[in-house]
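Breakdown of the fold
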Amino acid sequence: MPLKSGDLLRVVAPSGRLRNRTALDRGIEIWRDRGYRVEVTEEIVASWGYLAGKDAARRKQLATAWSDPECRGILYARGGYGGMRVLEHWQWDLAAVPKWSIGFSDITALLWSLSHQGIAGIHGPLLTTLADEPDWSIDRLFQLVSGQPVPPLQGDPWVGNVAYGKLLPCNLTVATHLLGTPWQPDVTGAILAIEDVTEAPYRIDRLLTHWRLTGALAKIAGVAIGRFSQCDPPEGSSSFTVEEVLRDRLTDLDIPIVANLPFGHDGCNAALPVGVAAILDGNTGELSIV
């Protein structure tokens, strides 16, 4: 159900340890300014190595928020790494009222695991990145959670034709490591929306080649490509560019492909719903939510 002013949202840190409390507080304030009640506990500042506390403690944070009958949505503090560790020994309580789940990057693990259960979420700004978004991107996020239509995103068409299917936005690295696990959603006929950060071109090649070898990529109806930031090869090295890798590994699939869409790290991160119907137009370069 759409969110409305006055709804209670809870903050959870299931992944990397919090490194910037100021950025978190700015993100929380944006949600509160829109009329939402946002509950934060000091557990979110816990630290265990590069993680936001031990696995059991992070699972408890998530379980507490998910089982709270008053809570209508979960706002994730930041990405980093750790969401996949939470999924070990984990089951979503399907008897609980489903909640909005909002984040990206490492949060792909949780968003995709929910999609596997038939529960939609939002691949969009984390609390620590929200304040850096342009106004239109922030408005888009709040339009989506309140059930309002959003305009198409515009990218560059690479391969023509039109795909209609379930939208699965993700961080490519995290999604690749979910392939073959119990948490992988069915990708048959889906529009795969990918982004990544700080991965060298050969690593992107390896990830997409893994998709090809598993047969998963052959099931996809279309590919929407967001930002691959800080993925340039080392200066002076003998390497393909990221774009060359993406074109080589994707454009022979004979499915619509649109690139340079405004989502991902280090720039505008337009919110995208996970697991809902979308249209990818490889002729015009538009990605539309149905």
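Our subject is the structure listed above.
First things first, this report covers the structure right here in the doc. (Residues numbered from 1 in each chain as written. Predicted model: local features only at pLDDT ≥ 70, side-chain atom pairs only at ≥ 80, totals over all residues. Heavy atoms only, no water.)

1. So, helix α7 (residues 201-214)
The end-to-end C-alpha distance of α7 is 20 Å, a good match for the 20 Å that 14 residues give at a rise of 1.5 Å each. Buried within α7 are the following residues: Pro201, Ile204, Leu207, Leu208 and Trp211. The buried residues of α7 occupy an angular sector of 125 degrees when projected down its axis, which confines them to one face. Relative to its buried face, α7 has exposed residues pointing more than 90 degrees away, namely Tyr202, Arg206 and Leu213. Buried positions along α7 lie against α4 (108-116), α6 (172-176), β9 (191-197), β10 (222-229) and α8 (242-250). Gly215 sits one or two residues past α7 and shows a positive phi near 90 degrees. (Helix = DSSP H or I, 4+ residues; strand = E, 2+ residues; numbered from the N terminus. Expected span 1.5 Å × (residues − 1). Buried < 20%, exposed > 50% of the residue type's maximum accessible area, 1.4 Å probe, protein only. Arc of directions from axis to C-beta. Contact = heavy atoms within 4.5 Å.)

2. Side note on the sheet that holds strand β1 (residues 8-12)
One open sheet holds the 6 strands; their spatial order is β2-β1-β3-β4-β5-β12, and the pairing between them is mixed. Each edge of the sheet is formed by a strand with only one pairing partner; in this case those strands are β2 (37-39) and β12 (272-274). Averaged over all pairs of adjacent strands, the angle between their axes in this sheet comes to 25 degrees, without regard to strand direction. Where strand β4 (residues 100-103) lies against strand β5 (residues 121-123), 2 bridges are found, and the strand directions are parallel. Each residue of the ladder has a partner; that of Gly103, found in β5, is His123. Each of β1, β2, β3 (71-76) and β4 is contacted by helix α1 (residues 21-33), which is oriented at about 150 degrees to β2, the strand it contacts most. Against the sheet, helix α5 (residues 135-145) contacts β4, β5 and β12, and its axis sits at roughly 165 degrees relative to β4. (Pairing = 2+ DSSP bridges. Axes fitted to C-alpha atoms, helices over the stretch in contact; angles between N-to-C directions.)

3. What to know about the nonpolar core
Counting residues in each nonpolar core, the largest one holds 53 residues, and the members touching the most others are Ile194, Trp211, Ile225 and Leu246. With 5 residues, the top contributor of residues to this core is α4. By size, the runner-up hydrophobic cluster in this structure holds 27 residues, among which are Val11, Leu75, Ile122 and Val150. (Core = buried A, V, L, I, M, F, W, Y, C linked by side-chain atoms within 4.5 Å.)

4. A few points about the pairing of β3
Most of β3 is tucked away: 6 of the 6 residues are buried. Pairing between β1 and β3: 5 bridges, direction parallel. Pairing of Leu8 across the sheet is with Cys71, part of β3. In this structure, β3 lies alongside β4, joined through 3 bridges in parallel fashion. Looking across to β4, one finds that Leu75 is bridged to Ile102.

5. Topic: α4
In terms of burial, α4 is largely enclosed, as 8 of its 9 residues are buried. Looking at α4, one finds that the buried residues are Thr108, Ala109, Leu110, Leu111, Trp112, Ser113, Leu114 and Ser115. Just downstream of α4 lies Gly118, where phi reads positive at about 85 degrees.

6. Brief notes about the sheet that holds strand β11 (residues 257-259)
The strand order across the open sheet formed by 8 strands is β6-β14-β13-β8-β9-β10-β11-β7, and the pairing between neighbours is mixed. Two strands lie at the open edges of the sheet, namely β6 (153-154) and β7 (156-159), each paired on one side alone. Sheet analysis places β9 next to β10, joined by 6 bridges and oriented parallel. Residue pairing for β10: Ala193 is matched across the bridge by Ala224. In the packing of α8 onto the sheet, contacts are made with β7, β9, β10 and β11, and the angle to β10 comes to roughly 165 degrees.

7. Brief notes about the packing of aromatic side chains
The description of an aromatic ring pair uses the distance of the two centres, along with the angle that the planes make with each other. In this structure the tally under the stated criterion is 7 aromatic pairs. Following the ring pairs from residue to residue traces out a cluster consisting of Trp31, Tyr36 and Phe142. Over the ring of Trp66 we find Lys99; its NZ or CZ atom is 5.5 Å from the centre of that ring. We note Arg247 situated over the ring of Trp158; from NZ or CZ to the ring centre the distance is 3.9 Å. (Phe/Tyr/Trp six-rings, centres within 6.5 Å; stacked < 30°, edge-to-face > 60°. Lys NZ or Arg CZ within 6 Å of the ring centre and 35° of its normal.)

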